[in-house]
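One-letter residues, chain by chain:
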Amino acid sequence: MSTIASPKRESHVTAAKVVLTILKYALLLLFTAIALVPFIWMLSSSLKTSTDVFSIPMKWIPDTFHWENYTQIWQKVPLLTYFENTTYVAIIVTIMQILTSSFAAYAFAKMQFKGRDFLFMCYIGTIAVPWQVYMVPQFIMMRSIGLYDTIWSLVVLQSFSAFGVFLMRQFYLGIPGELSEAARIDGLNEYGIWARIILPLAKPAIATLAIFTFVNTWNDYMGPMIYLTSDLNKTIQVGLRRFIQAFSADYNLIMAASLCSLIPVSIVFLCLQKYFIEGIATTGLKG
Amino acid sequence: MKKLLSIVLCLTMMASCVAFAAAEGTTTLTVAGWDTATAPYYEAVKTAYEAANPGVTIEWVDLASQEYNVKASTMLAGGDTTDIFFVKELSDMQNWAKEGFIVDMNDKIASTSYDMSKYAGMDTCYQLAGTTDYYALPFRADFWVLFYNKTLFDKASVEYPTNDMTWDAYKDLAIKMTGDGVYGTHYHTWLSAVANWAVCDGVNTLADGEYSDLKYFYQMVQDLEDAGACMTYDELKAANLHYSGAFAQGNIAMMPMGYWYASTLIGYIKDGTADFDWGITAVPHLDGVAAGSSFGSPTGLAVNAKSANADAAWDFVAWACGEEGAKAVAATGTRPAYVSEEVATVMAAADGFPTDDASMAALLPTAISLEWPVGDGVNDIKTIVNEEHSLIMTRELSIDEGVAEMEERAAEFIKK
Amino acid sequence: MSQSVAAGRHKMTKQEKRNTLVAYSFLAPNFIGFIIFTMIPVVFSIVLSFLNWSGGSNITWAGLDNFAYIFKDFSFSKSNLGIALKNTVFYTVATVPLTIAFALGLALVLNKAVKGANFFRSVFFFPYVASLVAICVCWNFLLMKTGPINQILNAFGANMTKSWTSSRDLAIWAIIIVSVWRNAGYYMVMYLAGLQGVPGELYEAATMDGANGWQKFWKITMPMLTPTTFFVSIMMIISCFKIYDVVAIMTQGGPGRATKMLVTYIFELSFGGEMISTTAQYGVASAVSMVLLAIVLTVTFIQFRAEKKWVNYL
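Quick notes on the rules
- Residues numbered from 1 in each chain as written.
- Chains lettered and ligands numbered in written order.
- Predicted model: local features only at pLDDT ≥ 70, side-chain atom pairs only at ≥ 80, totals over all residues.
- Heavy atoms only, no water.
- Helix = DSSP H or I, 4+ residues; strand = E, 2+ residues; numbered from the N terminus.
- Contact = heavy atoms within 4.5 Å.
- Areas by Shrake-Rupley, 256 points an atom, 1.4 Å probe, with all protein chains shown as cover.
- Phe/Tyr/Trp six-rings, centres within 6.5 Å; stacked < 30°, edge-to-face > 60°.
- Buried < 20%, exposed > 50% of the residue type's maximum accessible area, 1.4 Å probe, protein only.
- Lys NZ or Arg CZ within 6 Å of the ring centre and 35° of its normal.
- Axes fitted to C-alpha atoms, helices over the stretch in contact; angles between N-to-C directions.
- Parallel < 35°, antiparallel > 145°, perpendicular 65-115°, else oblique.
- Left-handed = near helix turned anticlockwise from the far one by under 90°.
- Nonpolar A, V, L, I, M, F, W, Y, C, P; charged D, E, K, R; others polar.
- Buried area = accessible area lost by both parts, 1.4 Å probe.
- Salt bridge = Lys/Arg side-chain N within 4 Å of Asp/Glu carboxyl O.
- Pairing = 2+ DSSP bridges.
- Expected span 1.5 Å × (residues − 1).
- Polar contact = N/O pair within 3.5 Å; in protein donor to acceptor, adjacent residues only side chain to side chain.
- Arc of directions from axis to C-beta.
- Domains from an automatic or database assignment.

Some words on the overall build of chain A
Then comes step 1: When helices and strands are counted, chain A shows 14 helices and zero strands.
Then comes step 2: Helices and strands in chain A line up, N terminus first, as α-α-α-α-α-α-α-α-α-α-α-α-α-α.
Then comes step 3: For chain A, restricting intrachain contacts to residue pairs at least 6 apart in sequence, the fraction spanning at least 24 positions comes to 72%.
Then comes step 4: Summed over its atoms, the accessible surface of chain A is roughly 11,800 Å², and 68% of this surface lies on carbon and sulfur atoms.

Here's what the structure looks like:
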């Protein structure tokens, strides 16, 4: 895990190092504060009455804690249904995305073939076109093949994104070519190299892609808003936005609901984060 | 599991279609609207219609209110078969009509000799621009009134605002009521809450390219802000403060707002969010403009051209926009487009509506101008006026500069 | 489709043909979905920029009219396209370097032996995860006239008399601050993953040679991170050019047109903005997106050209 902190370091401990360390933690704590201030505000607002949320001067700690806000939101919106739907979509999309992207990226990163660069530019090009522009044509198509108002519309929309392919390509490019050459000499075909050599090494990249895909699907609003209509199908962001529009003045409840919607994604992040750290060093790569 | 569920759902939907074909006389009409679960009039209309028309079921398709036009336009372009669509914005309807998404109602109106005279002129905006072809009927017609907090006026021993009050008198009253944590009045951040009053004279419109008539209102609002008689635009924007919560707090004496707020306020009083007496009056007027003049915009009902139940859909639209529908709507404290003495009585009798004579009288305005006219280029002008509005209200531009820029930029879109 | 792209120019050897087939078999699962659900609608939208279309069956040929419309009276201070372009470029130029600096800095610190690294990583990723609406409401409040940030600034002698989102000069900075705050942790994760690809042996060798931390950073870490930086910068430039949602929630493009971005303009043309109604000028909207596409593709193309020069692949 620590590549720089070698054993020799201990002998060099000087006053300067101590100061540096203190500075480092001070900076980290400062950034932590900056990152968390809005969340603290959200938390404190979620425990106030709606009229106190924007009172000036602002109070970070409410006079009385209104914990009932958290029970109220569960009565006012079927958050659990939204959670179930969204989790379901997000898991399918994430799995599909990882499978197809990690497969396709291999061709772009490790193989020579005609039309490679052109195709790759097409992928990148589509990322650059704002979705709002092709939303209507896409909707017409999706409806004609009968996927409108099913969660499968979201699955097919997000499973084949160019983003995943690009991300995986970049990580594959970082894997030394000699590794696959050696495997080729040992008689492995391309599929074998992908499955046995590249994929195990790409764990951090897969973890990254998994997190990003999960979070993006979780937080997607426009997609579900356009493609889903029935109440049964609603996802968390649509539900949350509905809630905000219906209870536009109750910012305490809105903040409470927003904080609740954070929990599942945070869990996914915590579960996956150990994989970024488990580096190539531990997978036994010798450059 | 979910897949199974969706398959089962599909099957039941198909089955219900088959059942509909088999069991003659049972029709399900789907109607796309917004806030269908929270606004009480939807349920009232559904219940009343189903009682009057056995065999027909109304099913609301609830779309997000802020994105209603995006979603509804996309659905219609995509060939969705939802039978009826609410028309939130007049310009949406114009485009839907032009593109053939919604049905021309002229034949039906003629064959049923439908009475178009009861809408106080609101019906003509549902004609395709430049023709006399109706593509929707007016369902609700909200106009602007002045809400006031009786409890605050009583406490300050000041007389209530009246149905005949000039803007100058209103301004003095607002300043008089200010103090001790009380704001004399409240303006939401919209253009319509601040400067739309200029159209109440029935002559000016916001699309005429001439905006010096707005200066008086901007000046009045800025004076009130400076006097501390209302919260500033800057504060309201930054805090995303919604007018409904603001007035419900009980420290605002008056607020010009659309009539739709009445049903929200009634709800707040019922569930204890707000705790005070309130009343409404007609909005103030300029010298020389008749008292009781206001502006507003209608909400209509249109029939999808792809609907499989076009006749049944027209039946529902005609009913909902007619006297029976109007009564059902009025009983929930919402103002239907169809106006008659009888409907006004029902409206005033709505549970929770203030019972004083002035408030009842305020329900029958003398004239209602359109908030925005309909026509080519109006959308572009609307964008421009709204943009300059935000510059004036944040005081990034002086009133004169802002109005000058409005006129300069709008000139391009004004039909000569 | 695939064959027609691959075929051409010179005759391929058997080996090359086989290779190409294998390559396409790798691409296929992603590519088929991509073609149907993304590529076809995108190509349609490109064609759309030369058509008049409002969503119905009336489609007529517009030629270059849509482009003429958006470029009419073009100027960076007056015309909608000019202002949207200027704002978008300004936003991108400010946001990309700031975000990269924070993301890389945080990743470098957290990649080392830091007590509580897990905690810090999660904390910095948090902003990306949170619901955007709640975040924007919150920042609007923090940046308001009498909000905590202005109070701090005033304590240091600044004279802040306005909410940031109410000022023509500061509104865009409010958007930039929220974007950097929100995305730094996201790209930090990418850099963290990239850092795992740097073999530890390189550092050990450098230490033996007596290199100090600074030298190791410039000679090993930075070069080894170039594939990540390449990816991050391209993705970030593209997503900055497509900025929409933060603006839509925080400023709605205002005050005036101070934060009107390209996609805000596109959205207004297609569906109308807040308080503004549908005009459904999909053809014109599409023409604006072609301008956006042209800029992004040019920038990306230059980066790809330069890729061989500055990006180190092992």
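Next comes the rest of the description.
A closer look at the packing of aromatic side chains
Then comes step 1: Per the counting criterion, the structure on display carries 84 aromatic pairs over all chains.
Then comes step 2: Centre to centre, the rings of Trp 144 of chain B and Trp 260 of chain B are 5.8 Å apart; their planes meet at 85°, and the pair counts as edge-to-face. Of the two residues, Trp 144 of chain B is situated in strand S4 (residues 137–149) and Trp 260 of chain B in the loop between strand S6 (252–258) and helix H12 (261–271); the sequence distance between them amounts to 116 residues.
Then comes step 3: Take Trp 144 of chain B: its relative accessible area is 2%, and that puts it in the buried class.
Then comes step 4: Taken together, a centroid distance of 5.0 Å and an interplanar angle of 90° make the contact between Tyr 186 of chain C and Tyr 187 of chain C edge-to-face. The exposure classification of Tyr 186 of chain C matches that of Tyr 187 of chain C, with both residues buried.
Then comes step 5: Its guanidinium or amino end placed over the ring of Phe 120 of chain A, Arg 169 of chain A lies 4.3 Å from that ring's centre, counting from NZ or CZ.

Let's talk about the packing of helix H4 (residues 116–128) of chain A against helix H7 (residues 162–173) of chain A
Residues and elements named next belong to chain A.
Then comes step 1: Packing of H4 against H7 brings their axes to within 9 Å, and their N-to-C directions diverge by 125°. One way to sum up the angle between H4 and H7 is to call them oblique. Considering how the two elements wind past one another, H4 and H7 form a crossing that is left-handed. Here H4 contributes Phe 120, Tyr 123, Ile 124, Thr 126 and Ile 127 to the contact with H7, which in turn contributes Ala 162, Phe 163, Val 165, Phe 166 and Arg 169.
Then comes step 2: Its residues assigned to classes, the contact of H4 with H7 shows eight nonpolar, one polar and one charged.

Quick notes on the interface of chain C and chain B
Then comes step 1: Taken residue by residue, the interface counts 34 residues in chain C and 36 residues in chain B.
Then comes step 2: The junction of chain C with chain B conceals about 2,900 Å² of combined surface from both sides, 45% of it contributed by carbon and sulfur atoms.
Then comes step 3: Our count for the chain C to chain B interface comes out at five salt bridges.
Then comes step 4: We note a salt bridge from Lys 72 of chain C to Glu 412 of chain B, for which the minimum N-O separation is 3.0 Å.
Then comes step 5: Elements with a contribution of two residues or more to the side of chain C that touches chain B: helix H6 (132–142) and helix H12 (262–271) of chain C.
Then comes step 6: The residue makeup of the side of chain C that touches chain B, split by class, is ten nonpolar, 15 polar and nine charged.

Brief notes about the pairing of strand S8 (residues 293–303) of chain B
All names here are of chain B.
Then comes step 1: For S8, a buried count of ten out of eleven residues is recorded, marking the element as mostly surrounded by other parts of the structure.
Then comes step 2: With four bridges connecting them, strand S3 (residues 84–87) and S8 associate as antiparallel partners. Residue pairing for S8: Phe 86 is matched across the bridge by Leu 301.
Then comes step 3: The sheet contact formed by S4 and S8 spans six bridges and is antiparallel. Counterpart to Phe 143 in the pairing with S8 is Gly 296.
Then comes step 4: Inspection of the sheet shows S8 paired to strand S9 (residues 367–370) by four bridges, in the parallel sense. Paired with Ser 294 across the bridge in S9 is Ile 368.

Describing unusual backbone geometry
Then comes step 1: Positive phi is not limited to glycine here, since Asp 149 of chain A has a value of about 65°.
Then comes step 2: Among the structural elements, Asp 149 of chain A can be located in the loop between helix H5 (131–144) and helix H6 (151–159).
Then comes step 3: The backbone phi angle of Asp 35 of chain B is positive, close to 50°, even though this residue is not glycine.
Then comes step 4: Tracing the chain through its elements places Asp 35 of chain B in the loop between strand S1 (27–34) and helix H2 (40–52).

A word on H7 of chain A
Counting along an α-helix, one turn takes 3.6 residues, and residues three or four places apart therefore face a common direction.
Residues and elements named next belong to chain A.
Then comes step 1: End to end, H7 covers 17 Å across twelve residues, agreeing with the expected 16 Å (1.5 Å per residue, within 8%).
Then comes step 2: The buried fraction of H7 amounts to twelve of the twelve residues, a majority that puts the element mostly inside the structure.
Then comes step 3: Where H7 is concerned, the buried positions are Ala 162, Phe 163, Gly 164, Val 165, Phe 166, Leu 167, Met 168, Arg 169, Gln 170, Phe 171, Tyr 172 and Leu 173.
Then comes step 4: The N-capping residue of H7, defined by a side-chain oxygen 3.4 Å from the backbone nitrogen of Phe 163, is Ser 161.

A few points about the side chain of Thr 300 of chain C
Then comes step 1: Secondary-structure assignment places Thr 300 of chain C in helix H13 (residues 282–310).
Then comes step 2: Judged by its relative accessible area of 2%, Thr 300 of chain C is buried.
Then comes step 3: Not counting the four nearest positions on each side in its chain, Thr 300 of chain C is found in contact with Ile 124 of chain A together with Ile 234 and Ile 238 of chain C.

A word on helix H7 (residues 167–177) of chain B
Residue and element names in this part refer to chain B.
Then comes step 1: Restricting attention to buried positions, one finds in H7 the residues Trp 167, Tyr 170, Lys 171, Leu 173, Ala 174 and Met 177. Axial view of H7: buried residues confined to an arc of 165°, hence all on one face. Residues of H7 that are exposed and angled more than 90 degrees away from the buried face: Asp 172 and Lys 176.
Then comes step 2: Those residues of H7 hidden inside the fold are in contact with S4, helix H6 (150–155), strand S5 (183–185), helix H9 (215–226) and S6.

Thoughts on the domain arrangement of chain A
All names here are of chain A.
Then comes step 1: As far as domains go, chain A holds domain 1 (1–46) and domain 2 (69–282).
Then comes step 2: Domain 1 and domain 2 are separated by 31 Å when their C-alpha centres are compared.
Then comes step 3: Facing the seven residues of domain 1 at the interface are nine residues of domain 2.
Then comes step 4: Buried surface at the junction of domain 1 and domain 2, both sides included, amounts to about 650 Å², of which 77% is carbon and sulfur.
Then comes step 5: Linking domain 1 with domain 2 are zero salt bridges, by the criterion used here.
Then comes step 6: Between domain 1 and domain 2 we count two residue pairs in polar contact (both at pLDDT 80 or more) in total.

Topic: the domain arrangement of chain B
Many structure descriptions define interface size as the accessible area lost when the parts assemble.
Residue and element names in this part refer to chain B.
Then comes step 1: As far as domains go, chain B holds domain 1 (2–141 + 297–357) and domain 2 (142–294 + 371–413).
Then comes step 2: Relative to domain 2, the C-alpha centre of domain 1 lies at a distance of 30 Å.
Then comes step 3: With 19 residues of domain 1 at the contact, the number on the domain 2 side is 19 residues.
Then comes step 4: Counting the surface lost from both domain 1 and domain 2, the interface buries some 1,500 Å², and carbon and sulfur atoms represent 52% of this.
Then comes step 5: Here domain 1 and domain 2 share four salt bridges between them.
Then comes step 6: Here Arg 140 and Asp 142 are joined by a salt bridge, their closest N and O atoms 2.6 Å apart.
Then comes step 7: Here domain 1 and domain 2 share four residue pairs in polar contact (both at pLDDT 80 or more) between them.
Then comes step 8: Ranked by residues supplied to the side of domain 1 that touches domain 2, first place goes to helix H4 (residues 90–98) with four residues.
Then comes step 9: For the side of domain 1 that touches domain 2, the class distribution of residues is six nonpolar, seven polar and six charged.

With respect to the interface of chain A and chain C
Then comes step 1: Chain A puts 108 residues into the contact, and the matching count from chain C is 101 residues.
Then comes step 2: Of the roughly 9,400 Å² buried between chain A and chain C on both sides combined, carbon and sulfur atoms contribute 77%.
Then comes step 3: The tally of links from chain A across to chain C stands at zero salt bridges.
Then comes step 4: Taken together, chain A and chain C are joined by ten residue pairs in polar contact (both at pLDDT 80 or more).
Then comes step 5: Along the lines of polarity and charge, the residues of the side of chain A that touches chain C split into 76 nonpolar, 25 polar and seven charged.

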